[in-house]
Amino acid sequence: MSSRRPRLPEHAGLSSRRRHALGLETVHVTVPEAAVEAYEAALASVCGTVGIFEADDSQTVWRVEGVKDAGADEPALGTGLALARAATGIDAVLGREPTEAEGWLARTYSSFPEQQVGHRFAIRGTHLGRAAASRRLTLTLDAGIAFGSGEHGSTRGCLRALEAVAYRRPARILDLGAGSGILAMAAAALLHRPVLAVDIEPWSVRVAAQNAAMNRLHRLVSCRLGNGWRTPAIRAAVPYDLVFANILARPLCLMARSLAAALAPGGTAILAGLLGSQVRMVLAAHRRQGLVLERVLREGDWATLILRRRAQAGMLRRRAPVRIA
């Protein structure tokens, strides 16, 4: 991650009805890398958008900050911070600064130019207007609410991974932790196959559905509210040929067994949302469940894993990847 470059989770965003709020505030903590996930979760529980920045050039100390309505959700914020302290043993001091709503939105727009990812994708905010004719598959998102924007390394890694495995023509596809719906839409647009997009946040589900409709992919992308692998819609559609899980390292580890059980023989999992330093931990959890690493893609400090379930004897066709122009 380059200096002062935000890590914006796929579920992050401010709802459209809050865009012109009278008062926003930025809350932040500075913590070592080992505590980033816990404090990110604490701020994400109450903040519409959360970012992670390098606090110094050593890449060992990080500033985690979020934007929320001023004075809102204070009990929940306190609970989240207490849980983070208990989990990490690090008592980070919470800082606050007032943030102008319109100024914040203007900065959001200015930091969201068109993103060209891999060989096939272009991601654009609605504020950029109509896209010029292009050979790329263009996905349009609202920069004010949807931060699955192609800017962050985990999103870019997933899109590149999708290109790498597209030749397998997966028929049953799941986007677990869909957020803005960008990965579900990308798979639907590239493969012309139905995709189930599931998120635990009600607002994310609404945003993903709106984005799918805006990109004329609503007939292929089905957005559902759910809590991981216990979601009835997910369980009803197993097994999957392709699963995206762009979340966080520790939840990925905890869900490894469920993921492996839900993959069809020869099925592919694309895992992201983890720092390069967390690859071994996540990979070990999935190898214990019999999944095989095919490739690690890196975007700055962020890593994306392409894993595959072993096919039953004679089922895995030997086929060279097709280059996507």
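Read on for a plain summary of the structure.

Thresholds, definitions, all that
- Residues numbered from 1 in each chain as written.
- Predicted model: local features only at pLDDT ≥ 70, side-chain atom pairs only at ≥ 80, totals over all residues.
- Heavy atoms only, no water.
- Axes fitted to C-alpha atoms, helices over the stretch in contact; angles between N-to-C directions.
- Helix = DSSP H or I, 4+ residues; strand = E, 2+ residues; numbered from the N terminus.
- Parallel < 35°, antiparallel > 145°, perpendicular 65-115°, else oblique.
- Left-handed = near helix turned anticlockwise from the far one by under 90°.
- Contact = heavy atoms within 4.5 Å.
- Nonpolar A, V, L, I, M, F, W, Y, C, P; charged D, E, K, R; others polar.
- Core = buried A, V, L, I, M, F, W, Y, C linked by side-chain atoms within 4.5 Å.
- Buried < 20%, exposed > 50% of the residue type's maximum accessible area, 1.4 Å probe, protein only.
- Salt bridge = Lys/Arg side-chain N within 4 Å of Asp/Glu carboxyl O.
- Pairing = 2+ DSSP bridges.
- Right-handed = clockwise from strand over helix to strand, strands pointing away.

## Remarks on the packing of helix α4 (residues 153–165) against helix α5 (residues 182–191)
It is the contact of α4 with α5, at a shortest axis distance of 11 Å, that shows an interaxial angle of 20°. The pairing of α4 with α5 is recorded here as roughly parallel in orientation. The handedness of the crossing between α4 and α5 comes out as right-handed. Contact with α4, carried on its side by Thr-155, Cys-158, Leu-159, Leu-162 and Glu-163, involves Ile-182, Leu-183, Ala-186, Ala-187, Leu-190 and Leu-191 of α5 and no other residues of that element. Looking at the contact of α4 with α5 residue by residue, the classes come out as 9 nonpolar, 1 polar and 1 charged.

## Topic: the nonpolar core
Among the nonpolar cores identified, the biggest contains 37 residues, and Leu-162, Val-221 and Phe-244 are the most heavily contacted of them. With near-sequence residues (within four places) excluded, Leu-162 lies in contact with Phe-121, Ala-186, Ala-187, Leu-190, Leu-191, Leu-242, Phe-244 and Ile-270. Core analysis: the second largest hydrophobic core is formed by 26 residues, Leu-174, Leu-176, Val-198 and Ala-249 among them.

## Some remarks on the pattern of salt bridges
Under the defined criterion, the tally for this structure stands at 13 salt bridges. Two residues, Arg-96 and Glu-25, come together in a salt bridge whose shortest N-O distance is 3.1 Å. One end of the pair, Arg-96, is in strand β4 (residues 95–99); the other, Glu-25, is in strand β1 (residues 24–32), and 71 residues separate them in sequence. Of the charged contacts in the structure, one is a salt bridge between Asp-91 and Arg-85, with a shortest N-O distance of 3.8 Å. Accessibility expressed as a relative area gives 61% for Asp-91, which makes it exposed. By relative accessible area, Arg-85 is classed as partly exposed at 31%. Taken together, the shared-partner salt bridges in this structure form one network comprising Glu-25, Lys-68, Glu-74 and Arg-96.

## Brief notes about the packing of helix α1 (residues 36–44) against helix α2 (residues 74–88)
When two helices pack together, their arrangement is captured by the angle between the axes and the distance separating the axes. Contact geometry of α1 with α2 gives a least axis separation of 8 Å together with a crossing angle of 170°. Classified by the interaxial angle, the pair formed by α1 and α2 is roughly antiparallel. Contact residues: Ala-38, Tyr-39, Ala-42 and Leu-43 in α1; Leu-77, Gly-80, Leu-81, Ala-84, Arg-85 and Thr-88 in α2. Of the residues in the contact of α1 with α2, the class split is 7 nonpolar, 2 polar and 1 charged.

## A word on the sheet that holds strand β11 (residues 240–246)
An order of β10-β9-β8-β11-β12-β14-β13 is seen for the 7 strands of this open sheet, with the pairing classed as mixed. Only two strands of the sheet have a single partner each, and these edge strands are β10 (221–225) and β13 (291–299). In this sheet, neighbouring strand axes are inclined to one another by 15° on average, regardless of whether the strands run parallel or antiparallel. Where strand β9 (residues 195–199) and β10 come together, 5 bridges link them in parallel fashion. Within β10, the residue paired with Ala-197 across the bridge is Cys-223. Packing against the sheet, α4 makes contact with β11, β12 (263–275), β13 and β14 (302–309), and its axis sits at approximately 130° to β13.

## Side note on the pairing of strand β8 (residues 173–176)
Of the two faces of β8, both are covered, the one formed by Ile-173 and Asp-175 as well as the one formed by Leu-174 and Leu-176. Strand direction decides the pairing type here: β8 and β9, joined by 4 bridges, are parallel. Across the sheet, the residue bridging to Leu-174 is Leu-196, located in β9. With α5 bridging β8 and the parallel β9, this β-α-β connection has right-handed handedness. Note that β8 and β11 share 4 bridges and pair parallel. Residue Leu-174 lies in a different strand from β11, and its bridge partner there is Val-243.

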